[in-house]
Every structure is written in C-alpha cells, then in structure tokens.
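# Structural characterization, general
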Amino acid sequence: MSQNFKNSFTKNQFLKIKTIFRSFPVILFILKWLFISIIIGTLVGSASAGFLISLEWSTAIRESHFWLIYLLPFGGLAVGILYLYKGQDVEAGNNLLINNIHEPKEIIPLKMAPFVYVGTIVTHLFGGSAGREGTALQMAGAISDQLTKPFRLNNEERKMLLIAAIAAGFGSVFGTPLAGAVFGLEVFLIGKIKYNAVFPAFTSAVLADIVTRMWNAHHTQYQIVDIPKVTALHILYSILAGIIFGICAVSFSRTIHFSSIQYKKHIKWAPMRPFAGGIIIVILVLLLGTTRYIGLGVPVIVESFEKTLPEYDFALKMIFTIITLAAGFKGGEVTPLFFIGAALGNTLSLFIPLPMSLLAGMGFAAVFAGATNTPLACTIMAMELFGSECGIYAAIACIVSYLVSGHNSIYSKQIIGDAKIKELNSDSNKTIHQIHEQRIIQKNTNKKSCKDSVYK
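Throughout what follows, the structure given in this document is the object of discussion. Every chain is numbered on its own, with residues counted from 1 as its sequence reads. The model is predicted, so local features are restricted to residues of pLDDT at least 70 and side-chain atom pairs to those at 80 or more, both for listing and for counting; the totals for chains, interfaces and linings are taken over all residues. With hydrogens and water stripped out, all remaining heavy atoms of the structure feed into the side-chain values.

Attention shifts here to the overall build of the protein chain. Helix and strand content of the protein chain: 18 helices and 2 strands. Here the radius of gyration uses the C-alpha set of atoms, whereas the globule reference equals 2.2 Å times the residue count to the power 0.38. Relative to its length of 456 residues, the protein chain is compact, with a C-alpha radius of gyration of 24 Å against a globular reference of 23 Å. For the protein chain, the spread of C-alpha atoms along the three principal axes comes to 95 × 60 × 60 Å. Think of it in three bands: with a 1.4 Å probe and only protein chains considered, a residue is buried below 20% of the maximum accessible area for its type, exposed above 50%, and partly exposed in between. By residue count, 55% of the 456 residues in the protein chain fall in the buried class. The way it works is that DSSP assigns letters per residue, a run of H or I at least four long becomes a helix, a run of E at least two long becomes a strand, and they are numbered from the N terminus.

If you want it as structure tokens, here you go:
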C-alpha cells in the first residue's frame, strides 16, 4: 500500500512539473540555455584568458628582442603553409562564423581554435600589426559549435549558439560583457537584431567575462578625464567628429579589401603573401626607426587619452595594419581600429573644441562602429570602458560614423537587413561582398561607356 502511494505521488509530481513546463515553456528555454551558456562561458572565458596571457608574453618577448622583427616574413610563410595544406576549410575566419549564422552548414572544425591562436601569436611575436578580437571570436565559435551535436541543436538553435559564442569571445577578450552581447546580436545582420538569442548572448558574455577575470587575465584601463556638459554646440561638434570617424572607417574597410585583392592578384601562391607583407613591414620599421606601429599598439592608445600625439599616428597605424592583415597574417582588426580611432580623435582635438581624452574615447569606439556596422555595441562598449558619463557623446559619434560608412565593412559576409537610408534599399538582403562586386562591375561598365563615347 505504502509503495503504491509513493509511486502514485511521484507520478503526480512528475505530471505537475510537466504541466508547468507546458504552460510556461520559457522556463525550460531558460534552464536549457543557462546550462549551455555556463559551458560556453567556462570554455570561452578560459580560452580568452589563455590567449590574453599569451599575447602579453609574446609582446614582452618581442619588445625586449628587436631582432625578432626580421623573422616576421618567415613566420608569415610558416603560418601560410599551415593554412594552405591543413586549414583551408577554416581560413575564412570571422566570415565563416557569420556565414554559418546566416546559413548553418557543417560544424565548424575545432582546429580553427588552435590554428588561429598559433597564427596570431606568431603575428605578434614577430611584429605584425594586428588585433585580438578576430582570434577570440574564432576560438569561441569553433569551441562552442562542438556543443551542437551533443545537445542536438537544430539550425535555429545553432544560430543562437554561434551568436552566444561571438558574444562570449568579444565580451571576455575586451572585458566588456554587455557590449559583447550586443555585438554578437548586431554584427551578422546590419539593421536587425535576433531577439530570441538575447538571453544566451548576454548570459554567455557575462559568464565568459567572469571566468576570464578569475584567471587574472589583464584588461587595459582607459580614462576620460574631462566630460563637458551636453549643449547644442557640443552635439554639433560630436556630429562633425562622427563624420570624420566614419570616413576613416570606410577608408580602412575599402582599402583592406582592395589590398587583399592585390596580394591575391600579384602573388598566386598563398604562403608567399604574408612573406611579402612581412618584408614590407620590416622595411617600414627600419625606415621609420620605431616599433610604435606594430603589435596591438595599446601603449599608444593609452597615450592618446593623456597627451597630444603626432598627427600622423593614426594614418601610419592604418598602413601597417592593412599591409599585415591583407597579406594573410592572423589576428583581428579591432584593436588596431581602437588605435586608429583614438589617435585620430586625439588629432581632432587640435581644431574641434572638445576635450582631448573625450575625442580619443569617441574615436576609439566610433571608427570601430563604422568599420563593423555595430553602433549600439560600440556605444555600450564606450560606457563600459570609459564610464557612463560619456554615453551621449559616444552614441552620437558611433551612430554618425555608422551612417557615414555606408554599406561597407571589414566583414564581407555581413548581410544588409535594413538599409541605412532609403536610397540604398536596393542593397537589402545582400552581403557586403556582393555589394562590393556590384560596385566593381558598375565601375567597369562606366569606364567602358566613357571609352565608347570618346571614340564616337
């Protein structure tokens, strides 16, 4: 009798729980994605911590041994050979992640993580100009996508998984979990946000950041010392700065794509491209007599908030970074974009009457916003890094830069969800790459028309 009662009681309790889940399916959704996010946060946060510590080590070694710069071409050659013979299926990097969010295909190979890690450490150890976000995102995506099969995720859920992975990678490597979450939601589809991935993105980003800090990985601290009261005139100055930051962003995006095409056009064997790019970087370093523009460039970023920099710093960093990354060296564009934006903002303080550190902070976020089409994430990032007081100025600069940059991006697989302005509605649902190809065709057509009219 007692045993029957227990079985009946257990069965009734199970039915009640089942009824609750059916009545409130969001509870099951939260529990499921909380569990997955804990795994993502732990794995990605640990990977980001290891990567950040390795970057500090490689940078310290390079700075104390100048002769390592001479090995940059050979390091590039070795990584090029590695990717040519063993890593062609993961060479697309961040664009592979974005493409899999749009059109889920095969699971991203786990080897993407160690390949991009080794490639990036080689870049920084020997003196290339690159960042770290690309590596963090690729490591996060490759590691997290391995959870797809164990959890039997369908295509829609896999999209959410990859968004959460990107959020965790970005948030943990920069110490900005809120910005990381929004970046993951914002980066793959311009003008639209996938709201069913909000919970996984935010949870994964926050947990990954906590784990990275638990490993005592270092994040650079920046400070805007003077934030003036918001006035109509200051808003106009911020818009002007945002326009300049946007022009800088589109210049970077277009030039790096153009340079990559030129490398491929003139150097057929892929490993020779980073070899050639490495030689150019070595020559530039020797000609300028400084290593100021190689590596991450974090010391110069910090300087941009504290003192007046040479007016050409942002341009030289842009040149070094484009030569490095277009050649095929591994790393990211974002930290160099921070350098370029902060240095440009520092220079703008010479003729825009806003505080130097404020303009540096605005440029830090806004050039990145224009180059990646992520104005919301970059505004939040500025507030996380510099304090919420700069929010209005950062938002104006990021939004204006985003608009001015048009349909250009460092990520060629981004798709235009909603056009930035109605005159560009014809670009909707196309990738940045497709739009770029159309521009080339239109340019060639116009040239042909001009020639024909001349002959007539």
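After presenting the structure, the write-up continues.
It is possible for side chains of opposite charge to pair when their charged atoms get near one another. Any carboxyl oxygen of Asp or Glu within 4 Å of a side-chain nitrogen of Lys or Arg constitutes a salt bridge here. Applying the stated criterion across every chain, the model contains 7 salt bridges. Here Arg213 ties to Asp209 by a salt bridge, and the two come within 3.0 Å at their closest N and O atoms. Linking Arg213 with Asp209, this pair stays in helix α9 (residues 198–214), spanning 4 residues, or about one helical turn. Arg213 sits in the partly exposed class, given a relative accessible area of 42%.

Time to look at the nonpolar core. Phe183, Phe245, Phe364, Phe368, Met381 and Phe386 are the most contacted members of the largest nonpolar core, which has 127 residues in total. Of the residues forming this core, the biggest block, 12 residues, is contributed by helix α7 (residues 155–174). Contacts are residue-level and defined by heavy atoms, with any inter-residue pair within 4.5 Å sufficient. Residues contacting Phe364, with those up to four places away along its chain left out, are Tyr222, Ile301, Phe305, Phe338, Gly341, Ala342, Met381, Leu385 and Phe386. By convention a nonpolar core is built from buried Ala, Val, Leu, Ile, Met, Phe, Trp, Tyr and Cys residues, the set being connected through side-chain atoms within 4.5 Å.

Moving on: the environment of Ile267. Within the secondary structure, Ile267 sits in the loop between α10 (232–266) and α11 (272–288). Residues within four places of Ile267 in sequence aside, it is in contact with Met272, Arg273 and Ala276.

We now examine a nonpolar patch on the surface. A grouping of Val230, Leu233, Ile235, Leu236, Ile239, Ile243, Ile247, Ile392 and Val404 is seen on the molecular surface, where their side chains present a nonpolar patch of about 700 Å² in accessible area. Listed by contribution, the elements that provide at least two residues to the nonpolar patch are α10 and α17 (391–404). Among the elements that make up the nonpolar patch, the one with the highest residue count is α10 (6 residues). Along the chain, Leu236 falls in helix α10. Residues form patches when they are more than 30% accessible in relative terms and have no salt bridge. Like charges link within 9 Å. Nonpolar side chains (Val, Leu, Ile, Met, Phe, Trp, Tyr) link within 5 Å. For every accessible area listed, the method is Shrake-Rupley and the probe measures 1.4 Å; residues are considered covered only by the protein chains on display.

This brings us to unusual backbone geometry. The backbone of Asn216 shows a phi angle near 65 degrees, a positive value even though the residue is not glycine. With respect to the helices and strands, Asn216 occurs in the loop between α9 and α10. Taking the relative accessible area as the measure of exposure, Asn216 reaches 68% and is therefore exposed. The backbone phi angle of Asn373 is positive, close to 60 degrees, even though this residue is not glycine. Tracing the chain through its elements places Asn373 in the loop between α15 (356–372) and α16 (375–386).

What follows deals with the packing of helix α4 (residues 94–102) against α7. Working convention: axes come from line fits to C-alpha atoms, limited for helices to the stretch in contact. Angles between N-to-C directions cover 0 to 180 degrees. Contact geometry of α4 with α7 gives a least axis separation of 8 Å together with a crossing angle of 150 degrees. On the basis of their axis angle, the class for α4 and α7 is roughly antiparallel. Judged by the twist between their axes, the crossing of α4 over α7 is left-handed. In contact with Leu97, Asn100, Ile101 and His102 of α4, α7 contributes Arg158, Lys159, Leu162, Ile163 and Ile166. Residue polarity is assigned by list, with Asp, Glu, Lys and Arg as charged and Ala, Val, Leu, Ile, Met, Phe, Trp, Tyr, Cys and Pro as nonpolar; anything else, Gly included, falls into the polar class. Tallied by class, residues from the contact of α4 with α7 come to 5 nonpolar, 2 polar and 2 charged. Each angle receives one of four descriptions, namely roughly parallel if under 35 degrees, roughly antiparallel if over 145, roughly perpendicular if within 65 to 115, and oblique otherwise. It is the rotation of the near helix from the far one that decides the hand of a crossing: anticlockwise by less than a right angle makes it left-handed, clockwise makes it right-handed.

Before going further, it helps to examine the side chain of Thr347. Within the secondary structure, Thr347 is located in helix α14 (residues 334–348). What makes Thr347 buried here is its relative accessible area of 11%. Beyond its immediate stretch of four places on either side in the chain, Thr347 contacts Pro310 and Glu311.

Now for the state of the cysteines. For this text, the term disulfide refers to a pair of cysteine sulfurs within 2.5 Å. Tallying each qualifying case throughout the model produces 0 disulfides. Among the cysteines around Cys248, which has no disulfide bond, Cys398 carries the closest sulfur, lying 13 Å off. A disulfide-free cysteine, Cys390 has its sulfur positioned 9.1 Å from the sulfur of Cys398, the nearest such atom.

Turning our attention to helix α6 (residues 133–144). In this model α6 runs 16 Å from its N-terminal to its C-terminal C-alpha over 12 residues, within 8% of the 16 Å that 1.5 Å per residue would give. Most of α6 is tucked away, with 12 of its 12 residues classed as buried. Listing the buried residues of α6 in full gives Glu133, Gly134, Thr135, Ala136, Leu137, Gln138, Met139, Ala140, Gly141, Ala142, Ile143 and Ser144. For α6, the elements touching its buried residues are α2 (25–64), α4, α5 (112–126), α7, α8 (177–186) and α14. Each residue after the first adds 1.5 Å to the expected span of a helix.

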